[in-house]
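Take a look at the letters that make up each chain.
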Amino acid sequence: QVQLVESGGGLVQPGGSLRLSCAASGRFVYINTMGWYRQAPGKQREVVATMTYGGTINYANSVKGRSTISRDNAKNTVYLQMSSLQPEDTAVYYCNAGGVRTTSSRGDDYWGQGTQVTVSS
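The rules behind the values
Residue numbers restart at each chain and count upward from 1, following the sequence in its written direction. Given that this is a predicted model, residues contribute local features only at a pLDDT of at least 70 and side-chain atom pairs are listed and counted only at 80 or more, while totals for whole chains, interfaces and linings are drawn from all residues. No hydrogens and no water enter the side-chain calculation; it runs on all heavy atoms of the structure. In this text, helices come from DSSP runs of H or I with a minimum length of four residues, and strands from runs of E with a minimum of two, each type numbered from the N-terminal end. What the globule rule says is 2.2 Å times the number of residues to the power 0.38, and the radius of gyration is computed from C-alpha atoms. Accessibility here uses a 1.4 Å probe with only protein chains present; expressed as a share of the type maximum, an area under 20% marks a residue as buried, one over 50% as exposed, and anything in between as partly exposed. It only takes one pair of heavy atoms within 4.5 Å for two residues to be counted as in contact. Each accessible area is a Shrake-Rupley estimate made with a 1.4 Å probe; only the visible protein chains count as cover when residues are assessed. His is not counted, nor are the chain ends; Lys and Arg add positive charge and Asp and Glu add negative charge. A charged residue contributes its charge at one atom only: NZ of Lys, CZ of Arg, CG of Asp or CD of Glu. Only residues whose relative accessible area exceeds 30% and that take part in no salt bridge are eligible for patches, with like-charged residues grouped when within 9 Å of each other and nonpolar side chains (Val, Leu, Ile, Met, Phe, Trp, Tyr) grouped when within 5 Å. Any carboxyl oxygen of Asp or Glu that lies within 4 Å of a side-chain nitrogen of Lys or Arg is treated as forming a salt bridge with it. Buried residues of nine kinds, namely Ala, Val, Leu, Ile, Met, Phe, Trp, Tyr and Cys, make up a nonpolar core once their side-chain atoms join them within 4.5 Å. Two aromatic rings, drawn from Phe, Tyr or Trp (for Trp, its six-membered ring), form a pair once their centres lie within 6.5 Å of each other, and the interplanar angle then sorts them: stacked below 30 degrees, edge-to-face above 60, tilted otherwise. Any Lys NZ or Arg CZ that is within 6 Å of a ring centre and within 35 degrees of that ring's normal is treated as a charge sitting over the ring. In this description, the term disulfide denotes a pair of cysteine sulfurs within 2.5 Å. In short, DSSP must find at least two bridges between two strands for them to pair. To obtain each axis, a line is fitted to C-alpha atoms, and for helices this fit is confined to the stretch in contact; angles are then taken between N-to-C directions over 0 to 180 degrees.

## Here's the deal with the overall build of the protein
Helix and strand content of the protein: zero helices and 11 strands. Helices and strands in the protein line up, N terminus first, as β-β-β-β-β-β-β-β-β-β-β. The C-alpha atoms of the protein give 14 Å as radius of gyration, which agrees with the globular expectation for 121 residues (14 Å, within 12%). Projected onto its principal axes, the C-alpha positions of the protein cover 50 × 25 × 20 Å. Split into buried and exposed, the 121 residues of the protein put 41% on the buried side. Put simply, of all contacts in the protein between residues at least 6 apart along the chain, 55% involve residues at least 24 apart. Accessible surface computed for the protein: about 6,400 Å², of which carbon and sulfur atoms make up 45%. For the protein, the distance from the average site of its 11 positive side-chain charges to the average site of its 7 negative ones is 5 Å.

## Section: a nonpolar patch on the surface
A contiguous nonpolar surface patch, about 290 Å² in accessible area, is contributed by Val29, Tyr30 and Tyr53. According to the relative accessible area criterion, Tyr30 is partly exposed, its value standing at 33%.

## Some points on the pattern of salt bridges
Applying the stated criterion across every chain yields a total of three salt bridges. Measuring nitrogen to oxygen at the nearest pair gives 2.9 Å for the salt bridge that ties Glu46 to Arg38. A salt bridge links Asp89 to Arg66, with the shortest nitrogen-to-oxygen separation between them at 2.7 Å. With a gap of 23 residues between them, Asp89 in the loop between β8 (77-82) and β9 (91-101) and Arg66 in the loop between β6 (57-59) and β7 (67-72) connect regions that are remote in the sequence. Given a relative accessible area of 0%, Asp89 falls into the buried group. The class of Arg66 is buried, set by a relative accessible area of 18%.

## As for the nonpolar core
Core analysis: the biggest nonpolar cluster contains 30 residues, and Leu4, Trp36, Leu80 and Tyr93 have the highest contact counts within it. Among the elements of the structure, β1 (2-7), β3 (18-26), β4 (30-39), β5 (46-52), β8, β9 and β11 (115-119) are those that each provide at least two residues to this core. Considering every element that reaches this core, the biggest residue donor is β9, with five residues.

## A short note on the packing of aromatic side chains
Per the counting criterion, the structure on display carries two aromatic pairs. Ring geometry for Tyr37 and Trp111: centres 5.0 Å apart, planes at 70°, overall edge-to-face. Of this pair, Tyr37 sits in strand β4 while Trp111 sits in strand β10 (residues 108-111), and the two are 74 residues apart along the sequence. Accessibility expressed as a relative area gives 39% for Trp111, which makes it partly exposed. Here the guanidinium or amino end of Arg45 rests over the ring plane of Tyr94, the centre of that ring lying 3.7 Å away.

## Focus on the state of the cysteines
All told, the structure shown has one disulfide when counted by the stated rule. Between the sulfur of Cys22 and that of Cys95 lies a disulfide, 2.0 Å long from S to S. The chirality of the disulfide connecting Cys22 with Cys95 is left-handed, given an S-S dihedral of about -85°. Of this pair, Cys22 sits in strand β3 while Cys95 sits in strand β9, and the two are 73 residues apart along the sequence. Under the relative-accessibility criterion, Cys22 is labelled buried at 0%.

## Some remarks on the sheet that holds β8
The strands making up a sheet associate through backbone hydrogen bonding, with each pair oriented either parallel or antiparallel. Spatial ordering of the open sheet is given by β1-β3-β8-β7, a layout of four strands whose pairing is antiparallel. Looking along the sheet, the strands with just one partner apiece sit at the ends: β1 and β7. The mean inter-strand angle of the sheet, taken between neighbouring strand axes irrespective of direction, is 15°. The pairing of β1 with β3 spans six bridges and is antiparallel.

Here is the structure:
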């Protein structure tokens with residue numbers, strides 16, 4: 001079992017910045033991919049950014065150039081730094097751990113509880 005705990009969400013003005021954090025804990029031995037997804041009201045959940053254990057990064061076009069995902073493998077923590085935030089960035093942001101290996105399974109996915117990001121003046 002893997003637990004993901006997000007932090008760093010909140011209310012920010014347009015043009016502002018936020019740094020989200022997600023720490024993984026449990027009995028896993030390896031997490032292939034950690035990333036961030038978001039779900040705005042009335043919309044489907046979409047990927048924001050992902051990062052593999054080896055450092056391969058993918059960003060959604062909507063956040064490319066103003067977001068930075070980073071990962072501390074020793075701490076099993078992934079971060080998302082976002083700047084130039086706009087109202088369309090308002091969503092619940094979810095941390096994801098994909099391809100998780102435990103002593104009894106491989107390739108499972110886990111989700112955090114989500115953290116609200118609201119961009120409004």
